[in-house]
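# Examining the three-dimensional arrangement
Chain residues, written in single-letter form:
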Amino acid sequence: AQSVTQLDSQVPVFEEAPVELRCNYSSSVSVYLFWYVQYPNQGLQLLLKYLSGSTLVKGINGFEAEFNKSQTSFHLRKPSVHISDTAEYFCAVTQTSGSRLTFGEGTQLTVNP
Amino acid sequence: ETGVTQSPTHLIKTRGQQVTLRCSSQSGHNTVSWYQQALGQGPQFIFQYYREEENGRGNFPPRFSGLQFPNYSSELNVNALELDDSALYLCASSSQAVGELFFGEGSRLTVL
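### A few points about unusual backbone geometry
Residues apart from glycine generally show negative phi values, whereas peptide bonds are mostly found in trans. Residues and elements named next belong to chain B. Between S7 and P8 the backbone carries a cis peptide bond, its omega angle lying at -10°. Relative to the assigned elements, P8 resides in the loop between β1 (5–7) and β2 (10–13). Its identity as a non-glycine residue notwithstanding, E52 has a phi of 75°, on the positive side. Looking at where E52 falls in the secondary structure, it is placed in the loop between β5 (44–50) and β6 (53–57). Although it is not a glycine, Y72 adopts a positive phi angle of roughly 75°.

### Focus on the interface of chain A and chain B
The interface is formed by 20 residues belonging to chain A together with 24 residues belonging to chain B. Remark: the boundary between chain A and chain B carries zero salt bridges. For the pair chain A and chain B, the interface holds three residue pairs in polar contact (both at pLDDT 80 or more). Elements supplying a minimum of two residues to the side of chain A that touches chain B: β5 (31–38), β6 (44–50) and β10 (87–95) of chain A. Class assignment of the residues belonging to the side of chain A that touches chain B gives a composition of nine nonpolar, eight polar and three charged.

### Quick look at the state of the cysteines
If you walk through the whole model with that rule in mind, you get two disulfides over all chains. Shown here is the disulfide that connects C23 of chain A with C91 of chain A, its sulfur atoms set 2.0 Å apart. Its S-S torsion of approximately -65° makes the covalent link between C23 of chain A and C91 of chain A left-handed. Of this pair, C23 of chain A sits in strand β4 (residues 23–27) while C91 of chain A sits in strand β10, and the two are 68 residues apart along the sequence. With its sulfur 1.8 Å from that of its partner, C23 of chain B forms a disulfide with C91 of chain B. Judged by the sign of its S-S torsion, about -65°, the bond between C23 of chain B and C91 of chain B is left-handed. Here C23 of chain B, found in strand β3 (residues 19–24), pairs with C91 of chain B, found in strand β9 (residues 87–94); they are 68 residues apart in sequence, far enough to count as distant. For C23 of chain B, a relative accessible area of 2% gives the class buried.

### Regarding the sheet that holds strand β7 (residues 64–68) of chain B
All names here are of chain B. In spatial order, the strands read β1-β3-β8-β7; together these four strands make up an open sheet with antiparallel pairing. Among the strands making up the open sheet, the edge pair consists of β1 and β7. Pairwise comparison of adjacent strand axes, ignoring direction, gives a mean angle of 20° for this sheet. Relative to strand β8 (residues 74–78), β7 is paired through five bridges, and the arrangement is antiparallel. Looking at β8, one finds that F64 is bridged to V78.

### Examining the packing of aromatic side chains
Counted under the stated rule, the structure contains 13 aromatic pairs over all chains. A connected cluster of aromatic rings, assembled from ring pairs, spans F34, Y36, F90 and F103 of chain A together with Y35, F45 and F103 of chain B.

How each quantity is defined
Residues numbered from 1 in each chain as written. Chains lettered and ligands numbered in written order. Predicted model: local features only at pLDDT ≥ 70, side-chain atom pairs only at ≥ 80, totals over all residues. Heavy atoms only, no water. Helix = DSSP H or I, 4+ residues; strand = E, 2+ residues; numbered from the N terminus. Contact = heavy atoms within 4.5 Å. Salt bridge = Lys/Arg side-chain N within 4 Å of Asp/Glu carboxyl O. Polar contact = N/O pair within 3.5 Å; in protein donor to acceptor, adjacent residues only side chain to side chain. Nonpolar A, V, L, I, M, F, W, Y, C, P; charged D, E, K, R; others polar. Disulfide = S-S within 2.5 Å. Buried < 20%, exposed > 50% of the residue type's maximum accessible area, 1.4 Å probe, protein only. Pairing = 2+ DSSP bridges. Axes fitted to C-alpha atoms, helices over the stretch in contact; angles between N-to-C directions. Phe/Tyr/Trp six-rings, centres within 6.5 Å; stacked < 30°, edge-to-face > 60°.

Here it is as structure tokens:
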């Protein structure tokens, strides 16, 4: 079994500031890691994924994340946020042998002018 | 290439009623998963269907059931609705090869 902990439920930042959304996971087997974004009243959109290879993963909208196996973390970063980045962000994990996702509780990112 | 589509987008039911939610998977995908997202929480895995067979189930009671059809579309059925079943129900499809899921916009169920 695996679990995901998103360390911040809410992150307020000012426009053009950098942001980091933190995610730790627990699993006894190899995993794939994902970050999804959810805008109000919408479904989930994939931001980026780590399957294998380079531990620094680049995604859409200028986001990137770094997989740290020793710290079992997969933190999401963006060097300069926009108002339009305001949304709920979910970290998720799945075993490499399947596609059943376990999600964290989410982090609400609010970008203020 | 069409994405994952779900219907209806919104619906209201009363306690004790039954509901059926529908999902059309993305072209080329043979696996469909259903998730329940309660307000303010992350999605919770309900079950997954692969080639018309249930292929894994989360911690949901038997009154949550599903089907997958030969064209890989799927239904989620919930019997004897309870107030706590109020949630956004998300369908996701995948080819199961690399574990990436593609989500629909969801069906928002309100139980009164």
